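Structure assessment
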Amino acid sequence: MARVGLVSELRASCPRPEAPQPRQARAKPLPGAETAPEVDAASRRRPGPRGRRLAQLLRRQRAEYGALRAMEGYRGFLALLVSALLVGFLSVIFTLIWVLHYREGLGWDGTALEFNWHPVLLVTGFVFILGIAIIVYRLPWTWKCSKLLMKSIHAGLNTVAAILAVISLVAVFDFHNAKKIPNMYSLHSWVGLTAVILYILQLLLGFFVFLLPWAPLSLRALLMPIHVYSGLLIFGTVIATVLMGLTEKLIFALKSPSYSSLPPEGIFTNTLGLLILVFGALIFWIVTRPQWKRPKEPNSVLLQPNGGAPEGVESSMAMNFGNVDKSDSELNSEAAARKRNITLDEAGQRSTM
């Protein structure tokens, strides 16, 4: 009896191990639920109009800076640009040295001093400033600026060149009338006056058709090739006219010693003519390279006064219809992919629920 009581006490003091619980079978997920990722409400929320505009602006700025870095032949463009600026500036300096050192200076009294304003103003305005106005759209540092701002700079430079050209014509006509010299008898005068008249018409056409938002898109598309061709034609005509004028002046002015004996003034002025010719060649080369053309702006939209179609297709020196900017296509494809992902996520959530 004592042994039985001891065994019962030991059983009471030692707790029995609990029986293992049966495993609960996991609920099998619905078909397609395992492919639907968990998406919180904040990630499914679409950005508002302000957020989309801000994101589009940031992508546009990144695309512009990327285009600047990826500009094909950037180093070559920079070398040609610096060379053109240097040669053009030297042309202006050489013209001033010529009239101040060899031609007795400047004045406005009906004498030869007044005539000296003619080459100075023409080389400064009608050659140097006009050349800079032609390539101003090609400067990659200005690609982040608005097209309207660049149009205003282009028009302003051309206006300054036109004013200087008109003043130079007044100086030469005033000198001829004071000295009883016939006007408009040489080929230089014929070609020069024709270039000035065409240039003023070109300036007015660009101002009323391309700068002011009044002309319809069809008219701009029609006149843009003419505007481009006539601008280059006038610039080339100006270069040729200046070279003819330098030669004509040296033949009339150099008597003893004569121009044919290569005096110092003749050699110096011939060097000036070469500088002007090289400047014109550099400007022509820069402006005719398609890889250095200003890229089209993704959101450059100008509303027509009649509420018609948007416009923004003209460029600095040429038009390119039908070409879509690479950044625009990438942005559109990215936006479409995001829309598809959002739609698939919403469909997965609905199937899971």
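Relevant structure appears above.
Residues numbered from 1 in each chain as written. Predicted model: local features only at pLDDT ≥ 70, side-chain atom pairs only at ≥ 80, totals over all residues. Heavy atoms only, no water.

Looking at the element boundaries, Glu 72 is found in the loop between helix H3 (49-69) and helix H4 (74-102). Setting aside its immediate chain neighbours within four residues, Glu 72 contacts Gln 291 and Trp 292. (Helix = DSSP H or I, 4+ residues; strand = E, 2+ residues; numbered from the N terminus. Contact = heavy atoms within 4.5 Å.)

Here we come to the nonpolar core. Residues Phe 126, Ile 134, Ile 276 and Phe 279 are the most contacted members of the largest nonpolar core, which totals 47 residues. Elements supplying a minimum of two residues to this core: H4, helix H6 (117-135), helix H7 (147-178), helix H8 (187-211), helix H9 (217-253) and helix H10 (264-287). Here this core takes eleven residues from H6, the largest share from any one element. Each residue touching Ile 276, except ones within four places of it in the same chain, is listed here: Ser 91, Val 123, Val 127, Ile 239, Val 242 and Leu 246. Core analysis: the second largest hydrophobic core is formed by six residues, Val 209, Phe 210, Met 224 and Val 228 among them. (Core = buried A, V, L, I, M, F, W, Y, C linked by side-chain atoms within 4.5 Å. Buried < 20%, exposed > 50% of the residue type's maximum accessible area, 1.4 Å probe, protein only.)

Okay, the packing of H4 against H10 next. Where H4 meets H10, the closest approach of the two axes is 9 Å, and the angle between their N-to-C directions is 150°. With respect to each other, H4 and H10 are oriented roughly antiparallel. Note that H4 runs across H10; the crossing there is left-handed. Its residues assigned to classes, the contact of H4 with H10 comprises 21 nonpolar, six polar and one charged. (Axes fitted to C-alpha atoms, helices over the stretch in contact; angles between N-to-C directions. Parallel < 35°, antiparallel > 145°, perpendicular 65-115°, else oblique. Left-handed = near helix turned anticlockwise from the far one by under 90°. Nonpolar A, V, L, I, M, F, W, Y, C, P; charged D, E, K, R; others polar.)

Another point: the packing of H6 against H7. Each pair of packed helices can be described by the angle between their axes along with the distance between the axes. Following both chains from N to C, one finds H6 and H7 inclined at 165°, their axes separated by 8 Å at the closest point. Here H6 is positioned roughly antiparallel relative to H7, judged by the angle of their axes. Like other packed secondary-structure pairs, H6 and H7 cross with a definite hand, here left-handed. Between H6, through Trp 117, His 118, Leu 121, Leu 122, Thr 124, Gly 125, Phe 126, Ile 129, Leu 130, Ile 132, Ala 133 and Ile 134, and H7, the contact on the second element is made entirely by His 154, Leu 157, Asn 158, Val 160, Ala 161, Leu 164, Ala 165, Ile 167, Ser 168, Leu 169, Ala 171 and Val 172.

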